[in-house]
Amino acid sequence: MKKLRVGIIGTGNISHSHIAGYRALSDKCEVVAACDIDEKKLNAYCDLYGISHRYTDYNEMMRAENLNCVSVCTWNSAHKGATIAALRGGANVLCEKPMALNAAEALEMQQAAEETGKLLQVGFVRRFGNDAACLKNFIDAGVFGDIYYAKATYLRRNGCPGGWFGDKERSGGGPLIDLGVHVIDLVRYLGGCPKAISAFGSTYDNLGPNRAVGGSAGWSVGAFEKFDVEDFTTALIRFDNGLTLLVEASFNLNIKKDVGNIELFGTKAGCRIDPEVEIYTQLAGRFVDVQPFGSTALSFEGLFENEIRGFVNAVLGNEPCRAPAEDGVELMRIIDAIYLSAKTGKSVEIS
Ligand SMILES: NC(=O)c1ccc[n+]([C@@H]2O[C@H](COP(=O)([O-])OP(=O)(O)OC[C@H]3O[C@@H](n4cnc5c(N)ncnc54)[C@H](O)[C@@H]3O)[C@@H](O)[C@H]2O)c1
């Protein structure tokens, strides 16, 4: 079998996790080219991984390289352009989350995938975690009954990643679009991908980026080019299957320690991922708390390896795509609705 030719667009932080995933599949694919507008970063990355085909323009890369697969790892405002160029250049695309700055952009990307007949997978990496796999088994076996309420919490006390993440033009927003997107999607995925029908949300920017106190630096120190995004969002999302989801996400919040957990509440059982999976149900007339055997906690690198394996297998036709473009579009509709609701103070319907 000829190996898939892979290109990377955006050679920053997360692109290292993508290339590690491809390199773990060296019998099926090879990263042959990379592109970044920052030539210094591009060269450091390519030197590190021995990539000789280097580009500062993704259109040029797509014309020259005959790529089968492209990972789009740029900041959010470049996702649409890079993804559409890669699809039209004949490649299947794995685009990082959030899919785009908003639903209109995401829809254009989905349409480009449909027109070209290429696969567009969205970087909903949490779908590939062992916690998600474990819960999906239980949910599909009917252990939870109907899941009607969920809570998704991703709170950092002092944790804006800095750089472009604070610049709305390039990020599209703050913790909602950066962190909330992961946990909203995970709940939606576990719940069988229901359609969102409305959202009510509030955003705040009370604390700002720089919260280093007495030398106890978090992430949010220094390297800000700009900070015009929210630092906290809370929202209630209703879905067409009766599920209501409460989501909270922060870069900065006066909370004791960072929290990242998911809770699902069903008619037969509930559960929490924090970080291990625990299930709350009844057995022989007693309440029981059940922990699956073995660890179900997340491993960051394992996640990306699973995600890239899923993408490559989907491209080869060996398994269905687990995070298709339509789910990225739906997530962007939800995010748009929450930001609009925060602006207007009213609940927003999602069609
Ligand atoms: N799945 C996850 O858990 C996860 C974690 C971190 C980041 N991300 C996502 O990955 C993406 C990148 O984040 P990061 O932390 O790696 O950022 P980063 O700033 O480290 O890297 C982004 C790179 O994109 C490059 N770039 C920007 N516009 C470009 C263009 N038009 N053409 C080529 N290169 C361009 C920049 O020069 C930069 O090197 C974001 O969308 C982010 O949300 C996902």
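Above this text sits the structure in question.
So, how was this worked out
- Residues numbered from 1 in each chain as written.
- Predicted model: local features only at pLDDT ≥ 70, side-chain atom pairs only at ≥ 80, totals over all residues.
- Heavy atoms only, no water.
- Near = heavy atom within 4 Å.
- Polar contact = N/O pair within 3.5 Å; in protein donor to acceptor, adjacent residues only side chain to side chain.
- Nonpolar A, V, L, I, M, F, W, Y, C, P; charged D, E, K, R; others polar.
- Phe/Tyr/Trp six-rings, centres within 6.5 Å; stacked < 30°, edge-to-face > 60°.
- Helix = DSSP H or I, 4+ residues; strand = E, 2+ residues; numbered from the N terminus.
- Buried < 20%, exposed > 50% of the residue type's maximum accessible area, 1.4 Å probe, protein only.
- Lys NZ or Arg CZ within 6 Å of the ring centre and 35° of its normal.
- Core = buried A, V, L, I, M, F, W, Y, C linked by side-chain atoms within 4.5 Å.
- Contact = heavy atoms within 4.5 Å.
- Pairing = 2+ DSSP bridges.
- Axes fitted to C-alpha atoms, helices over the stretch in contact; angles between N-to-C directions.
- Parallel < 35°, antiparallel > 145°, perpendicular 65-115°, else oblique.

Trainee: So what exactly am I meant to see when it comes to the site of the ligand here?
Mentor: Inspection of the region around the ligand gives 26 residues, with Ile14, Asp36, Asn76, His79 and Trp164 positioned closest. Within the contact set of the ligand, an oxygen atom lies 2.9 Å away from a backbone nitrogen or oxygen of Asn13. In this structure, Ile14 approaches the ligand through a main-chain N or O atom, which is 2.9 Å from an oxygen atom. Broken down by class, the residue content of the shell around the ligand amounts to 13 nonpolar, seven polar and six charged.

Trainee: Quick question: what am I supposed to make of the packing of aromatic side chains here?
Mentor: Any two aromatic rings considered together are summarised by their centre-to-centre distance and by the angle between their planes. Counted according to the given criterion, the structure contains four aromatic pairs. Here the aromatic rings of Tyr45 and Tyr49 are separated by 4.9 Å at their centres, their planes lie at 65°, and the arrangement is edge-to-face. With Tyr45 and Tyr49 both in helix α2 (residues 39-49) and four residues apart, the pair spans about one turn of that helix. Side by side, Tyr45 and Tyr49 carry an identical accessibility label, which is buried. Seen from their ring centres, Trp164 and Phe165 are 3.8 Å apart, and the 25° between their planes marks the pair as stacked. With a relative accessible area of 17%, Trp164 lands in the buried category. If you follow Lys136 out to its NZ or CZ, it ends over the ring of Tyr189, 5.1 Å from the centre. The lysine or arginine in question, Arg170, covers the ring of Trp75, its NZ or CZ lying 4.7 Å from the ring centre.

Trainee: Can you walk me through the nonpolar core in this structure?
Mentor: One recurring pattern in soluble globular proteins: nonpolar side chains tend to sit buried together. Within the largest apolar cluster, 71 residues are counted, with the highest numbers of intra-cluster contacts made by Met99, Leu120, Ile184, Ile237, Leu264 and Ile334. Ignoring sequence-local partners within four residues, the contact set of Leu264 consists of Leu135, Ile139, Ile147, Tyr149, Ala150, Val187, Leu190, Gly270 and Cys271. Listed in part, the 19 residues of the second largest apolar core include Cys29, Val31, Leu42 and Leu94.

Trainee: Would you mind going over the sheet that holds strand β4 (residues 69-72) with me for this structure?
Mentor: Paired through their backbone hydrogen bonds, the strands of a sheet run either parallel or antiparallel. Strand order in the open sheet formed by six strands is β3-β2-β1-β4-β5-β6, and the pairing between neighbours is parallel. Strands with a single pairing partner mark the edges of an open sheet, and in this sheet they are β3 (53-55) and β6 (120-123). Strand-to-strand twist across the sheet, computed as the mean angle between neighbouring axes with direction ignored, equals 25°. Of the pairings in the sheet, the one linking strand β2 (residues 29-35) to β3 comprises three bridges and is parallel in character. Bridge pairing in β3 links Ala34 to Arg54.

Trainee: Hey, could you run me through the packing of helix α4 (residues 79-88) against helix α5 (residues 103-116) in this one?
Mentor: Between two packed helices, both the angle of their axes relative to each other and the distance between the axes serve to describe the pair. Here α4 crosses α5 at 5°, and the two axes come no closer than 9 Å. With respect to α5, the axis of α4 lies roughly parallel. Where α4 abuts α5, its residues His79, Lys80, Thr83, Ile84, Leu87 and Arg88 lie against Glu105, Glu108, Met109, Ala112, Ala113, Glu115 and Thr116. Among the residues making up the contact of α4 with α5, the classes are represented as five nonpolar, three polar and five charged.

Trainee: Would you explain the side chain of Glu65 in this entry?
Mentor: Tracing the sequence through the fold places Glu65 in helix α3 (residues 58-65). The buried category is assigned to Glu65, whose relative accessible area is 4%. Here the side chain of Glu65 touches His53 through a polar contact of 2.7 Å, side chain to side chain. Discounting chain neighbours no more than four positions away, the residues touching Glu65 are Arg5, Val32, Ala33, His53 and Tyr55.

Trainee: Can you help me understand unusual backbone geometry in this one?
Mentor: Note on backbone geometry: most residues besides glycine have negative phi, and most peptide bonds are trans. Each neighbour pair has its own omega, and for Lys97 with Pro98 the value is -15°, a cis peptide bond. With respect to the helices and strands, the residue Pro98 is situated in the loop between β5 (92-96) and α5. Positive phi, close to 55°, is recorded for Cys193, a residue that is not glycine. Inspection of the secondary structure assignment puts Cys193 in the loop between α8 (175-190) and β8 (196-204). Assessed through its relative accessible area of 28%, Cys193 is described here as partly exposed. One non-glycine residue with positive phi stands out, namely Ala284, at about 45°. Within the secondary structure, Ala284 is located in the loop between β13 (277-283) and β14 (286-290). What makes Ala284 exposed here is its relative accessible area of 82%.

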